[in-house]
Amino acid sequence: MKKILFLFLMLCSTYELHAVELNGKYVSLSGELMFRFSGDSLYIEIAQNQHSVSSFKLVKKKETDESTTYNAFEQFMKDGRETYREVFIRVSRVKDESFLLEYFGKDKDREYNTNERYVIKPVK
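These numbers were taken from a predicted model, which means no experiment stands behind them.

A. Broad picture of the overall build of the protein. The number of helices and strands found in the protein is 1 helix and 8 strands. Ordered by position from the N terminus, the helices and strands of the protein form the series α-β-β-β-β-β-β-β-β. In the protein, buried positions account for 33% of the 124 residues. Summed over its atoms, the accessible surface of the protein is roughly 8600 Å², and 55% of this surface lies on carbon and sulfur atoms.

Given below as structure tokens:
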């Protein structure tokens, strides 16, 4: 019984090593957007002029070998009032250094739900 428990714990620790963990700057393949992961935050900027588009506080929801999902919270001003929204972000590994970032939620600038996908790669 102890051997099975030990084996299970070893497998769980190995499982964590291959999970998707992002930190630093990533650019979309189109070159339009820059995604900066810093701790528990995600900042999205226009790549050419570093103009801020959005910033999210990330709360990890689920993690597997292939992807990590987050509940993401954004604070912004609308009609002079501080407003909050929650969206769902999933990051999946495509290749060794490329990731698919999927965004699901109500757009802050429009009155409808959106689903956006970006292939991102690290900035070197």
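B. Structural context of the side chain of S92. Here S92 is to be found in strand β6 (residues 81-93). With near-sequence residues (within four places) excluded, S92 lies in contact with E66, S67, S98, F99, L100 and E102.

C. Structural detail: the pattern of salt bridges. As enumerated under the stated definition, the model contains 7 salt bridges in all. The partner of K60 in a salt bridge is E63, and the shortest N-O contact between them spans 3.4 Å. Residue R117 pairs with E102 through a salt bridge whose shortest N-O separation is 3.0 Å. Taken together, the residues span a long stretch of sequence, with R117 in strand β8 (residues 113-122) and E102 in strand β7 (residues 99-106) at a distance of 15 residues. Overlapping salt bridges bring together R90, E102 and R117 as one network.

D. Layout of the packing of aromatic side chains. Following the criterion strictly, the structure yields 5 aromatic pairs and no others. Seen in terms of ring centroids, Y26 and F99 are 6.0 Å apart; in terms of plane orientation they differ by 85°. Their pairing is edge-to-face. Within this pair, whereas Y26 is found in strand β1 (residues 24-28), its partner F99 is found in strand β7, the two being separated by 73 residues in sequence. Each of the two residues, Y26 as well as F99, counts as buried. Relative to Y118, the ring of F35 lies with its centre 5.4 Å away and its plane at 50°, an arrangement referred to as tilted. Taken together, the residues span a long stretch of sequence, with F35 in strand β2 (residues 33-38) and Y118 in strand β8 at a distance of 83 residues. Using a relative accessible area of 22% as the deciding quantity, one classes Y118 as partly exposed. Among the aromatic residues, ring-to-ring pairing joins Y26, F37 and F99 into one connected group.

E. Region of the structure containing unusual backbone geometry. Although it is not a glycine, Q50 adopts a positive phi angle of roughly 60°. Structurally, Q50 can be placed in the loop between β3 (41-46) and β4 (52-63). With a phi angle near 55°, D79 is a residue other than glycine that sits in the positive phi range. Here D79 shows up in the loop between β5 (67-78) and β6. Judged by relative accessible area, which is 73%, D79 ranks as exposed.

Rules behind the numbers
- Residues numbered from 1 in each chain as written.
- Predicted model: local features only at pLDDT ≥ 70, side-chain atom pairs only at ≥ 80, totals over all residues.
- Heavy atoms only, no water.
- Helix = DSSP H or I, 4+ residues; strand = E, 2+ residues; numbered from the N terminus.
- Buried < 20%, exposed > 50% of the residue type's maximum accessible area, 1.4 Å probe, protein only.
- Areas by Shrake-Rupley, 256 points an atom, 1.4 Å probe, with all protein chains shown as cover.
- Contact = heavy atoms within 4.5 Å.
- Salt bridge = Lys/Arg side-chain N within 4 Å of Asp/Glu carboxyl O.
- Phe/Tyr/Trp six-rings, centres within 6.5 Å; stacked < 30°, edge-to-face > 60°.

Function cannot be inferred from these measures alone, as they are strictly geometric.
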